[in-house]
Amino acid sequence: MLEELGISFGTAVVVLTALYFVVKWGVRNGIREAVQEIEERRAEENAGRETEKGGASE
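1. Focus on a negative patch on the surface
Next up, step 1: A contiguous patch of negative charge, built from Glu33, Glu37, Glu39, Glu40, Glu44 and Glu45, is present on the exposed surface.
Next up, step 2: A residue is classified by how much of its surface remains accessible, and Glu37, at 43% relative accessible area, is partly exposed.

Following this line, the structure appears as structure tokens:
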């Protein structure tokens with residue numbers, strides 16, 4: 001099958017290995033960005049709640 005595509009087995013292994021690491025890197029960075037955005041939203045919400053509590057008691 002690989003011969004029909006014009007590549008050797010070694011080349012296919014190298015390409016698939018590189019593709020694996022590229023996808024792994026992309027997923028990892030995507031998850032990190034999502035977690036960071038969630039943490040920022042939670043911090044903003046908590047700050048807003050504390051401001052509301054502080055304003056009501058004063």
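2. Some words on the packing of aromatic side chains
The description of two aromatic rings rests on the distance between their centres and on the angle between their planes.
Next up, step 1: Per the counting criterion, the structure on display carries one aromatic pair.
Next up, step 2: Residues Tyr20 and Phe21 carry aromatic rings whose centres are separated by 5.0 Å and whose planes lie at 75 degrees to one another, so their mutual orientation is edge-to-face.
Next up, step 3: Residue classification places Tyr20 among the partly exposed positions, given a relative accessible area of 48%.
Next up, step 4: Classification of Phe21 by relative accessible area gives partly exposed; the value is 48%.

Procedures and definitions
Residues numbered from 1 in each chain as written. Predicted model: local features only at pLDDT ≥ 70, side-chain atom pairs only at ≥ 80, totals over all residues. Heavy atoms only, no water. Patch = residues over 30% accessible without salt bridge, like charges linked within 9 Å, V, L, I, M, F, W, Y side chains within 5 Å. Areas by Shrake-Rupley, 256 points an atom, 1.4 Å probe, with all protein chains shown as cover. Salt bridge = Lys/Arg side-chain N within 4 Å of Asp/Glu carboxyl O. Lys, Arg positive; Asp, Glu negative; His and termini not counted. Charge placed at Lys NZ, Arg CZ, Asp CG, Glu CD. Buried < 20%, exposed > 50% of the residue type's maximum accessible area, 1.4 Å probe, protein only. Phe/Tyr/Trp six-rings, centres within 6.5 Å; stacked < 30°, edge-to-face > 60°.

As far as function goes, none of this settles anything; it's purely spatial.
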